[in-house]
Amino acid sequence: MIKNISILGSTGSIGTQALNVADNLGLNVCALTACSNIKTLEDQVRKYRPALAVVYDENKACEFKKNINDTDTKVMCGMEGLVAAATISSAQLVLNSVVGMVGLEPTISAANAKKNIALANKEALVVGGKLVIDAVKNNGVKLLPVDSEHSAIFQCLQGMPDKKALKKLILTASGGPFFGKRVDELKNVTLEQALNHPNWSMGAKITIDSATMMNKGLEIIEAKWLFDMPEDKIDVVVHRESIVHSLIEYCDNSIIAQLGLPDMRIPIQYAVTYPQRFPSPVGELDLTQICKLTFDKPDYQTFKCLNACKKALSMGGVATAIVNGANEIANELFRNKKISFLDIGELVSSSLDEVENFEPECVDDVLKADNMARKYVLSKI
Ligand code: MN3
């Protein structure tokens, strides 16, 4: 098992659970990064004594540096800092759990620095899938999924006889707080209702993405790149209980699933210990307590983001970066109570018609598409 880990996005939901996993496994933490939560990052630095701590927000970084000047931890900021944490020489594994497409450059940098990557930052694959996969392949490093659905598929795939035997991937979706609702019932939903996820405790951005089902759309794109599967072989099934984390179907119609309590520490730990398994602090799943597992079709009409992601995937080029960029800003505008819940789906869908698609050759091309999509959304409000 690896001993030294660098954690990008350590103050977020995945990051704090990753530190819990690191405690459980007795890992050394070499670098930690946060966007702007310097209070939590300071507590983490005092506990884990990493060589490097990064605050993405430059102004907060100055304040943070003063606050921890009695420690030996070096402080950096911005993208330069994130890349430094992703490439720090002592790390054997880089866990990337930053939120949003800002995670793209650190992911590619980590691969180029020959680091194995545990990826919770799905947006990196959504916006720059080909660039990330090329960097991973060219450097011969591992890209280990942390997203619970993709970890489930990855676990199901262990022991697959031959790629030709795999027929399809089946992603489960909780359906979020608004499953079963029609468009007219979603007109006036509040931020508080959208933030009230039935099963998972997550950060605000992904919780809203779950409510719009954009999260599942992003995960279809993520699955395409992680497992090299065409989009027509990736299905989505609504599973309200969040006990079956995803499934694969073989050519003989045998289906393999991974089950467990909805607790991210299982997928995080598996990415760290792969291919080994160790006891985890997560409780046992008692199937007789759960009693019943249900499965439904997703509603592509009401949850427009899901369709937009599928369409973007079939369009190719920077289309997936466009829907992601439009969603990142629309999600933020909704959280700031500037637009309505249904506006998110409208804006994400229309961005595909209004923002120019082209074939990206480098990270700058992806950043350009992201920027155009954000500008488009801001021009509409
Ligand atoms: Mn997920």
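Residues numbered from 1 in each chain as written. Predicted model: local features only at pLDDT ≥ 70, side-chain atom pairs only at ≥ 80, totals over all residues. Heavy atoms only, no water.

**Observations concerning unusual backbone geometry**
Put simply, the test is: Strands here are runs of E lasting at least two residues and helices are runs of H or I lasting at least four, both read from the DSSP assignment and numbered beginning at the N terminus.
That bond from Tyr 274 to Pro 275 is cis: its omega, 5 degrees, falls within 30 degrees of zero. Of note, Pro 275 is situated in the loop between helix H12 (265-273) and helix H13 (287-290). One non-glycine residue, Ser 242, lies in positive phi territory at about 50 degrees. Checked against the element boundaries, Ser 242 lands in the loop between strand E9 (234-238) and strand E10 (244-250). Here Asn 253, not a glycine, exhibits a phi torsion of approximately 70 degrees, which is positive. Relative to the elements of secondary structure, Asn 253 occurs in the loop between E10 and strand E11 (255-259).

**Re the pairing of E10**
Condition: Each residue's exposure class comes from its accessible area (1.4 Å probe, protein chains only) as a fraction of the maximum for that residue type: buried when under 20%, exposed when over 50%, partly exposed otherwise. A strand pair is defined by DSSP finding two or more bridges across the two strands.
Of all seven residues in E10, seven are buried, a share of seventy percent or more. The pairing of strand E8 (residues 166-173) with E10 spans five bridges and is classified as antiparallel. Note that in E10 the partner of Ile 170 across the bridge is Leu 247. Summarising the sheet, E10 and E11 pair through five bridges and their orientation is antiparallel.

**Quick notes on the coordination of the manganese ion**
This is how it is decided: Metal-coordinating donors are taken as N, O and S atoms lying within 2.8 Å of the metal, or within 3.2 Å when the metal is Na, K or Ca; because water is left out, some sites can appear incomplete.
Taken together, the protein donors to the manganese ion comprise Asp 147 (OD), Glu 149 (OE) and Glu 219 (OE), at separations of 2.1 to 2.2 Å. In the primary sequence, the donor residues of the manganese ion line up as D-x1-E-x69-E. Of this pair, Glu 149 sits in helix H7 (residues 148-157) while Glu 219 sits in helix H11 (residues 214-227), and the two are 70 residues apart along the sequence. Each member of the pair, Glu 149 as well as Glu 219, is classed as buried.

**Notes on the packing of aromatic side chains**
Spelled out, the test is: We call Phe, Tyr and Trp rings a pair once their centres come within 6.5 Å, taking the six-membered ring for Trp, and we label the pair stacked below 30 degrees between planes, edge-to-face above 60, and tilted otherwise.
By the definition in use, this model includes five aromatic pairs. Ring plane angle 80 degrees and centroid distance 5.0 Å describe the contact between Phe 178 and Phe 341, whose orientation is recorded as edge-to-face. Note that Phe 178 is positioned in the loop between E8 and helix H8 (183-186) and Phe 341 in helix H16 (residues 341-354), a separation of 163 residues in sequence. Accessibility assignment for this pair places Phe 178 and Phe 341 in one class, buried.

**Brief notes about the packing of helix H14 (residues 304-315) against H16**
Quick note on the threshold: Orientation is described by axes fitted as lines to C-alpha atoms, over the contacting stretch for helices, and by angles from 0 to 180 degrees between their N-to-C directions. Under this scheme an angle from 65 to 115 degrees is roughly perpendicular, one under 35 degrees roughly parallel, and one over 145 degrees roughly antiparallel; angles in between are oblique. Helix crossings are classified by the rotation of the near helix relative to the far one: an anticlockwise turn of less than a right angle makes the crossing left-handed, while a clockwise turn makes it right-handed. By definition, residues are in contact when any of their heavy atoms lie within 4.5 Å. All amino acids are sorted into three groups, where Ala, Val, Leu, Ile, Met, Phe, Trp, Tyr, Cys and Pro are nonpolar, Asp, Glu, Lys and Arg are charged, and the leftover types, Gly among them, are polar.
Here H14 crosses H16 at 20 degrees, and the two axes come no closer than 8 Å. When the interaxial angle is binned, H14 and H16 end up roughly parallel. Classified by chirality, the crossing of H16 by H14 is left-handed. Side by side, H14 and H16 meet where Lys 304, Cys 305, Ala 308, Lys 311, Ala 312 and Met 315 of the first sit next to Ile 344, Gly 345, Glu 346, Val 348, Ser 349, Leu 352 and Asp 353 of the second. Residues belonging to the contact of H14 with H16 are distributed by class as follows: seven nonpolar, two polar and four charged.

**Some remarks on the packing of helix H10 (residues 204-212) against H11**
Contact pair H10 / H11: the axes reach a minimum separation of 5 Å and the direction vectors enclose 95 degrees. The orientation of H10 with respect to H11, classified from their angle, is roughly perpendicular. When H10 is examined against H11, the residues Lys 205, Ile 206, Asp 209, Ser 210 and Thr 212 are found in contact with a partner set consisting of Met 214, Asn 215 and Leu 218. For the contact of H10 with H11, the class distribution of residues is three nonpolar, three polar and two charged.

**A word on the sheet that holds E10**
What the four strands build is an open sheet, ordered E9-E8-E10-E11; its pairing is mixed. Among the strands making up the open sheet, the edge pair consists of E9 and E11. In this sheet, neighbouring strand axes are inclined to one another by 20 degrees on average, regardless of whether the strands run parallel or antiparallel. Across the face of the sheet, H7 comes into contact with E8, E10 and E11 while running at roughly 40 degrees to E10.

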